[in-house]
Amino acid sequence: MEQTTYRELMHRLSEVGAVKKSLARTLPPDLPAGAAGVLSLLSQHGEMTISELTDRLAVDISVTSRHVSYVAEQGWIERSPNPADGRSRLLRLTAAGHDLLAGFSDHITELLAERLSDWDDDELQELIRLMAKLHDSLACPAHSLTNAHS
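Let me sum up the structure you'll find in this document. Predicted model, so just to flag it, every value in this text is computed and none were measured. (Residues numbered from 1 in each chain as written. Predicted model: local features only at pLDDT ≥ 70, side-chain atom pairs only at ≥ 80, totals over all residues. Heavy atoms only, no water.)

## Concerning the pairing of strand β3 (residues 89–93)
Convention followed: Strand pairing is assigned whenever DSSP identifies at least 2 bridges connecting the two strands. Helix and strand labels come from DSSP, where a helix needs a run of H or I of at least four residues and a strand needs a run of E of at least two; each type is numbered from the N terminus.
As defined by bridge partners, strand β1 (residues 48–49) adjoins β3 across 2 bridges and the pair is classed as antiparallel. When the sheet's bridge partners are listed, Met48 is paired in β3 with Leu91. Here 5 bridges tie strand β2 (residues 77–81) to β3, and the two strands are oriented antiparallel to one another. Each residue of the ladder has a partner; that of Arg79, found in β3, is Leu91.

Listed below in structure tokens is the structure:
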């Protein structure tokens, strides 16, 4: 494959980031995008430690800690002792967190349905398949991509 193709892909990936930011602007004012990410990951993957959450978010632990503190203060998650490691705590969604997540998930789903209404089912399924394949191909620690050329 030619380098220009990969450059085009790099450009398109940056556009995906812009789309994510645009969708995040439709979230309720009391639900910052980082907090929504924490709730979404806990919903998808179940309870986990802050270290596991940090790895999935691919951000610094200080950023994760801020988001976790915020969602805990709102009552959207709870922290409990980790029976496997007394030094860490397990994070899990509360009923309020599930309710909030369901509401904004429905909102984003409706928005996507509206904005992609001119796409047919085959196109949407192909996009989902290719995005999953892209994730699987690129899912690696953040430093691996930056160190690949070292």
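Right, picking up where we left off after that structure.
## Side note on unusual backbone geometry
Heads up, the condition is: Burial classes follow relative accessibility: with a 1.4 Å probe on protein chains only, a residue under 20% of its type's maximum area counts as buried, one over 50% as exposed, and anything between as partly exposed.
In this structure, Ala58 is a non-glycine residue whose phi angle is positive, near 60°. You can call Ala58 exposed: its relative accessible area is 54%.

## Details of the environment of Ser117
Counted only if it meets this: Contacts described as polar in this section are N or O atom pairs within 3.5 Å, which, within protein, must combine one atom able to donate a hydrogen with one able to accept it, while residues neighboring in sequence count only if both atoms come from side chains.
The residue Ser117 is located in the loop between α5 (95–115) and α6 (121–138) in this model. For the pair Ser117 and Met48, spaced 69 residues apart in the sequence, the C-alpha separation amounts to 36 Å. Within the local environment of Ser117, its side chain forms a polar contact with the backbone oxygen of Glu114, the two atoms lying 3.2 Å apart.

## Here's the deal with the nonpolar core
Quick reminder of the rule: Take the buried residues of types Ala, Val, Leu, Ile, Met, Phe, Trp, Tyr and Cys, join any two whose side-chain atoms come within 4.5 Å, and each joined set is a nonpolar core. Every residue pair with non-hydrogen atoms within 4.5 Å of one another is taken to be in contact.
Grouped together as the largest cluster of nonpolar side chains are 23 residues, with contacts concentrated most on Leu31, Leu39, Leu42, Leu53, Val71, Ile77 and Phe104. Among the elements of the structure, α2 (33–45), α4 (61–73), β3 and α5 are those that each provide at least two residues to this core. When residues of this core are assigned to their parent elements, the largest contribution, 6 residues, is made by α2. Setting aside anything within four residues of it in sequence, one finds Val71 in contact with Ala35, Val38, Leu39, Trp76 and Ile77.

## A few points about the packing of aromatic side chains
The geometry of an aromatic ring pair comes down to the distance between the two centres and the angle between the two planes. Inclusion rule: Stacked, tilted and edge-to-face are the three classes applied to pairs of Phe, Tyr and Trp rings, where Trp contributes its six-membered ring and a pair requires centres within 6.5 Å; stacked means planes under 30 degrees apart, edge-to-face means over 60, and tilted covers the rest.
This structure, assessed with the given rule, holds 1 aromatic pair. Ring centres of Tyr70 and Trp76 lie 6.0 Å apart, and the angle between their planes is 75°; on these two criteria the pair is classed as edge-to-face. The class for Tyr70 is partly exposed, based on a relative accessible area of 24%. Under the relative-accessibility criterion, Trp76 is labelled buried at 7%.

## So, the sheet that holds β2
Strands sit in the order β1-β3-β2 across an open sheet of 3 strands; the sheet is antiparallel. At either margin of the open sheet sits one strand with a lone partner, and together these are β1 and β2.

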